[in-house]
Amino acid sequence: MAAFGAAISLKNTINHILKSSRISLVPASSTQVLRPANEAMDRLLTALSKLDHTGYSKIRTKVNALDERIKEAVWEFEDLLESHFYDQILPQLESERGHLSFSVDLQSLQQSVDFFVERMAEMELEYDFEVVNMPEEEGEPIASRIDFGGISSDMVGLSGFFEDTRDYLLGEDLLIEYEWNCLSVIGMAGVGKTTIAKKVFDDPLIRKHFEHRAWVKVGRKCEFNEILRCVLAQVDPNTRHQMLTQGFYEDDQKLVGLLKERLKDKKCLIVLDDVWKWDTRFMDNLPQENVRILLTSRKKIKGPYKRVPLLNEEESKKLLGEKVFGEKGFPPDLEELGKKIAEKCESLPLMIVTVADLLSKEDKTPKFWTEVAKKQHNSVFVDAYNQISEVFFPSYEYLDQYLKMLFLYLGAYPSHSDSYKTEFLHQINAEGFFGHSLYECLKVCLNVLSDWYHLVLHERNIGSWFSMNKLSVHSCWQHLCKREASKIKFLLVIQSCDDVTKGQRRLCAHCNTLFAFEQVYDAIKSDCASTARSLLCYGPFHEYPIPIHAMDFKLLRVLIADQVRLYHIPPEIMKLVCLKFLSLTCNKELPASISNLIQLQSLIIKQHTNIKKRGALSYMPVEVWGMQELVHLEVIGRDLPTPSSDATLETLCCLFGVSAKSCTKEILKRIPNLKILRIELELKPCDDDDDINPLSGLEYISTELHNLESLHYHVPNPEMRVFMEAHE
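Residues numbered from 1 in each chain as written. Predicted model: local features only at pLDDT ≥ 70, side-chain atom pairs only at ≥ 80, totals over all residues. Heavy atoms only, no water.

(A) Up close: the packing of helix H14 (residues 313-325) against helix H16 (residues 349-360). Two elements in contact, H14 and H16, have axes separated by 9 Å at closest approach and are oriented at 35°. As H14 runs across H16, the sense of the crossing is right-handed. In this structure, H14 contributes Ser 316, Leu 319, Leu 320, Lys 323 and Val 324 to the contact, and H16 contributes Pro 349, Ile 352, Val 353, Val 355, Ala 356, Leu 359 and Ser 360. Here the residues of the contact of H14 with H16 are counted per class, giving nine nonpolar, two polar and one charged. (Axes fitted to C-alpha atoms, helices over the stretch in contact; angles between N-to-C directions. Helix = DSSP H or I, 4+ residues; strand = E, 2+ residues; numbered from the N terminus. Left-handed = near helix turned anticlockwise from the far one by under 90°. Contact = heavy atoms within 4.5 Å. Nonpolar A, V, L, I, M, F, W, Y, C, P; charged D, E, K, R; others polar.)

(B) The packing of aromatic side chains, seen in detail. As enumerated under the stated definition, the model contains 19 aromatic pairs in all. A ring pair is formed by Tyr 56 and Tyr 398, whose centres lie 5.8 Å apart and whose planes are at 85°; its orientation type is edge-to-face. One end of the pair, Tyr 56, is in the loop between helix H2 (35-49) and helix H3 (61-95); the other, Tyr 398, is in the loop between helix H18 (379-397) and helix H19 (401-410), and 342 residues separate them in sequence. One exposure class covers both Tyr 56 and Tyr 398, and it is buried. The rings of Tyr 409, Tyr 413, Phe 424, Phe 433, Phe 490 and Tyr 538 are connected pair by pair, giving a single aromatic cluster. (Phe/Tyr/Trp six-rings, centres within 6.5 Å; stacked < 30°, edge-to-face > 60°. Buried < 20%, exposed > 50% of the residue type's maximum accessible area, 1.4 Å probe, protein only.)

(C) Up close: the pattern of salt bridges. Inspection of the entire model under this criterion finds 40 salt bridges. A salt bridge links Glu 484 to Arg 483; its shortest N-O distance comes to 3.0 Å. You can call Arg 483 partly exposed: its relative accessible area is 26%. Among the salt bridges present, the one from Glu 543 reaches Arg 565, with a minimum N-O distance of 4.0 Å. Taken together, the residues Glu 543 in the loop between strand S12 (534-537) and strand S13 (558-566) and Arg 565 in strand S13 connect sequence positions 22 residues apart. Taking relative accessible area as the criterion, Glu 543 reaches 38% and is therefore assigned partly exposed. With relative accessibility at 24%, the residue Arg 565 sits in the partly exposed group. (Salt bridge = Lys/Arg side-chain N within 4 Å of Asp/Glu carboxyl O.)

(D) Molecular detail of the sheet that holds strand S11 (residues 506-509). In spatial order, the strands read S10-S11-S12-S13-S14-S15-S16-S17-S18-S19; together these ten strands make up an open sheet with parallel pairing. Since the sheet does not close on itself, it has two edges, and those belong to strand S10 (492-494) and strand S19 (710-714), each with one partner. With strand direction ignored, the average angle separating the axes of adjacent strands in the sheet is 15°. Bridging between S11 and S12 involves four bridges; their strand directions are parallel. (Pairing = 2+ DSSP bridges.)

(E) A look at the nonpolar core. Grouped together as the largest cluster of nonpolar side chains are 95 residues, with contacts concentrated most on Leu 320, Met 351, Val 355, Leu 359, Trp 369 and Phe 407. Those residues in contact with Leu 320, other than ones at most four positions away along the chain, are Phe 330, Gly 338, Ile 341, Ala 342, Ile 352, Val 355, Ala 356 and Leu 359. If you look at the next biggest cluster of nonpolar residues, it comprises 60 residues, including Ile 494, Val 520, Cys 528 and Leu 600. (Core = buried A, V, L, I, M, F, W, Y, C linked by side-chain atoms within 4.5 Å.)

Read these as spatial facts, not as claims about activity.
Put into structure tokens, the structure is as follows:
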């Protein structure tokens, strides 16, 4: 829910103002002005967290509407507070550079704080009431839960996975290895869990081995009593009518007794499909030596499990061809286009089948299929995404709130793309809506989204996603994230000049040129620039500047425009005193005014080209040593200067893009908490002395950087010297 992220963001803002060593509150009594608001956020977060402990079958319509009102109230107060901060800090920066501390008077906010705290107390009580009184979804009739006739067991690919699953259930490994008679088949929605379970259920070897088989569609709401009746109705035909009658048996223990008696000395396979919350009472009350349970779930379930992988490229193509044209597959003139369309489905069976169904209703011509294969927002894929969103939505809706905001943010990335984990973690920390500032906590949450909820993917990367340092989200999920994020004004991915930007907290574009269109530019400037917190330019690289600096942004925390070439760094950016994450591409030297960004945590400056005069050295301005909150510094092709004072960067943990010239003892001792160091070695066409050791000057790394965890030595053009020597 957006209110949860808003409350955390405000709490982080308040704590920064109260605890920053560079901010002096005047008069001293000003420290008491914000404390009631901070305490109100603690109480609100406690109230909001109660939603995470409610059932998966609760209808959240009223709670969601109230959540929206709470979010707007919190945002309104945070805008007031940060604008007040901005209006007092900026004049002090502009009057004299090199300020070590700044004075802020909060007395004028007293009345606004009192009103806000009172308003939050009322909303908190209302929220408690709505959460307690959420209505329940109606459960499915027992008859429909055991009706598996319409479920297909036809599979393309994954034959090895199917055989392993079947053999596991036929053997004794479950009991021997795990002392457990239950195997979970898990994976993201639409990956084919139910199809695999049905193929196992129908397999001749399974039929021969198990005297009884039972299938139960569990879903988000299915009580222990209902599962027992569903199984009894299938293993004991004499009680089928009685079991299917709602409320006929109310006594769970009596049902357990009947089931145990019926399964005595009988081998039975029970499939529990689409389990959201595993009730181990069912397993505990059955004879383990005779009964095997196969359950499918979108979530990781306690006990032994098998994770369903995505299809490979060939399997994806085959499935699409068979679904559109039958067993014969693609005709020759559509085969290559079919391959490209299958690739756009990103190996997800449900997506492939849905796209195939839509393609079957359209012209099967190279012209139409070319449009589907190449156009990003083709109607076939948009319709498919919208259909699949209905299946996917519950996985998002019932996420814990601290995970939900993190997941929504991943929707900002373009489809079919990866993001770099380290940079993403710093970016999320700068956004301020995540409750834990420690990067280890963020890593754990990303792992939960991947390993437990299967929402963040890593199958497309070879090996571990941690070793590859990348993470990705399936385009189906990105579509849903973009839709939900824009609905609650958390983040808008601008796709056309007609998109409504009013009130959006974060703006993103996958086509950076959109920000240069007058209609988009004017809309942002008038409707949301004064309160927007993020501007994300994620489109392909743009060779020419775009006037993002002239939209009158005021409270930006995150500005990512490294896919836009700047000829110089606009002075307007140096006035964004709330900025915490800045990523640009510019060949010009950094201005000394970079130190105006007193809250900056991550500074990334990339180069469009890297042509240097022989012997020329490039350094960051010495003022960078005054940026006391820097955590991540990546300024490619520029070195840290030796400071003239005793300045240190105690919080800096990542330093990328510098040469060995930044590894002197005088510099390294001033960044004692550095954890990751990436050194760039630029091979020159010729050197005055070919005997110069490019690794010289690095001896102080081991003596000064006691907290270093990772050291990288990168050579951008390792072939250059060989090429030049070959032509001399």
